[in-house]
Amino acid sequence: MKRLLLLAAAAAGWTRQKKPIPNLGVVLRPREGVTSRPSTLRRLRGEGVARVKLETYGAREVREAVANLGVGSRVAVSIPDAEVEDVSRGGAAADRVCAAIKSVHEHVDGVLVGVTPPSGAGADLKRLAQIANASRSVSKACSNLNASVPVTTAFDLNVLRSSYPPSASLFAAPGPLREILDHLRETKAPFAIQLDPYGAWRSSYYDVSLDFATFALDPSRDRPQFLDDGSGAQYYALIDAMLDSVRWALAKEGFGDLDVVITRVGWPSGLVDTVNPPPAADAPGAGATLELAASFAHGLGKRRGVLGASAPELQKNVNQGYVVAYVYEADDGAPAPDGLRWGVCGQQGSLKYSIRTGAVVAPRLRTASTACLGPACIRKRFSHAKQHDVEMAALGVAVGALILGVAAFVAILSIQPAQARSPRSPTQVERIMRVANQRAEENQRAARAAPSLLKPQDLLRWGSRPLMTVAESPGASDVEGSEAGSLKKR
């Protein structure tokens, strides 16, 4: 009985530890040849992620996402851009969307019409009209099938004429948007927005600090980045200011009661062709580091859906409720058209950083295009690696060195016989040996016959020299080939 109680307590502790972060989800873009990434979603569930936004609406994809994220998971689906025009006409195209999600609609948070945000500043009237009609068609078709879900579309900040300061924000083309906003209010669907704090920092890095952009400022000890004189709000995080810009624009059009959902937000962790570029503001991929990506995702998760500043005037006119945000993106498996890595996980589904703790867990490796092999670079790259990773790397280096040593030894053995062979032919060597021996014998006979005619140095030169020395080193002989030939003719 005691053992069962211990197991129950451990299970309860594990459940509390794995409690999901209620406001946080991830974007899962399609990957060629793969409908789902179980390892990616399961690791993200361990980080508290229980929401996912798909860029399709297939029932199979929804079921796979729910199965991998676990009990209580929620899914937002999307109608691809290429189908928006057909769906806007209603009929079979809208019915097809609702029929696909009917069996899983209890897990579906909402349907997004289109993937690419429509232009706001350019006021693409045709596109906005298609979105409005498609939203109404899908809502009606799903209601007829008893599978009602909120239907909305995602904009980006280009929908605003200005966004700074937040209290001065206005929609760029409020007229064409009104039909969409009316439908959102009628169906109680949220206004969806994509935010890009990284892009905002890159475009104005002289005025926006990295700490402000990545949730690193602490209101208890740091000064606010800026004060909005129009509302009196103090801002310590860039995403708060961006979100309030949208809320102020909605309030000024009379739609401040709408909920807001952030369908894409995040911070890149590096360039596609390298890892961890330096955070210099003027460098390609500046600020796209694992540390900053981890800081952003962790800070967003800690907010638990409470985003935006507490401006008294804004509180009166705008719904500042719970905000769901989808981090872009789940992993690096899908193509990256902007050349940046946005995934919380890598291509194989392993975590690059922890959303719960903000710690970097990916190995610090650099690709060959920017390889750095010096001791200082090696120490820097492996400074955050686990002890096991360091030991395995050292073992790999030792094995590689051993293999290279064996290969070098075999190469020397194969080359040595060729080096030992003299460039002279065997007949020439024999001729030199005979000539040298004949000359040495002549010198010795001359020395015995008339020792007074020889000088001491001649005796040292010829009398004390072993005859086999010439035979052992024919290439070093003091008898040249021409002289050997002349002696042979005698």
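> Explain the pattern of salt bridges residue by residue, including any values.
A side chain of one charge can pair with a side chain of the opposite charge if their charged atoms are brought near each other. Under the defined criterion, the tally for this structure stands at 17 salt bridges. The partner of E61 in a salt bridge is R60, with the nearest N and O atoms 3.9 Å apart. Take E61: its relative accessible area is 19%, and that puts it in the buried class. Between R178 and E253 there is a salt bridge, with the nearest N and O atoms lying 3.4 Å from each other. Taken together, the residues span a long stretch of sequence, with R178 in helix α7 (residues 174-187) and E253 in the loop between α10 (238-252) and β12 (260-265) at a distance of 75 residues. In the salt-bridge network here, residues are joined through shared partners; they are R51, R74 and D109.

> Can you tell me about the side chain of K53, naming the residues and giving the values?
You can see K53 is positioned in strand β2 (residues 51-54). Buried and without a salt bridge, K53 has E55 as its closest oppositely charged side chain, separated by 4.6 Å. Aside from chain neighbours lying at most four places away, what touches K53 is V26, V27, L28, A76, S78, L112, T263 and Y326.

> I'd like a rundown of the pairing of β12, residues and numbers included.
The element β12 is extensively covered by neighbouring structure, given that five of its six residues are classed as buried. Pairing analysis gives four bridges linking strand β9 (residues 191-194) to β12, with the strands arranged parallel. Residue pairing across strands places I193 opposite I262, the latter belonging to β12. Two elements, β12 and strand β14 (residues 325-327), share two bridges in a ladder whose sense is parallel. Following the sheet pairing, V265 is matched in β14 by V327.

> Which residues make up unusual backbone geometry, and what values go with them?
The omega torsion across Y164 and P165 is -10 degrees, close enough to zero to call that bond cis. Note on placement: P165 falls in the loop between β7 (160-162) and β8 (170-171). For the peptide bond that leads from Y328 to E329, omega is 0 degrees, which places it in the cis range. Inspection of the secondary structure puts E329 in the loop between β14 and β15 (340-341). In this structure, K188 is a non-glycine residue whose phi angle is positive, near 60 degrees. Looking at where K188 falls in the secondary structure, it is placed in the loop between α7 and β9. Unusually for a residue other than glycine, F215 sits at a positive phi of about 65 degrees. Along the chain, the position of F215 falls in the loop between α9 (210-213) and β10 (226-227). The class for F215 is buried, based on a relative accessible area of 15%.

> So what's going on with the sheet that holds strand β6 (residues 154-156)? Residues and values would help.
The sheet built from nine strands is open, its strands ordered β5-β4-β3-β2-β1-β14-β12-β9-β6 with parallel pairing. Here the strands that pair on one side only, and so sit at the sheet edges, are β5 (151-152) and β6.

Reading guide: rules and limits
- Residues numbered from 1 in each chain as written.
- Predicted model: local features only at pLDDT ≥ 70, side-chain atom pairs only at ≥ 80, totals over all residues.
- Heavy atoms only, no water.
- Salt bridge = Lys/Arg side-chain N within 4 Å of Asp/Glu carboxyl O.
- Buried < 20%, exposed > 50% of the residue type's maximum accessible area, 1.4 Å probe, protein only.
- Helix = DSSP H or I, 4+ residues; strand = E, 2+ residues; numbered from the N terminus.
- Lys, Arg positive; Asp, Glu negative; His and termini not counted.
- Contact = heavy atoms within 4.5 Å.
- Pairing = 2+ DSSP bridges.

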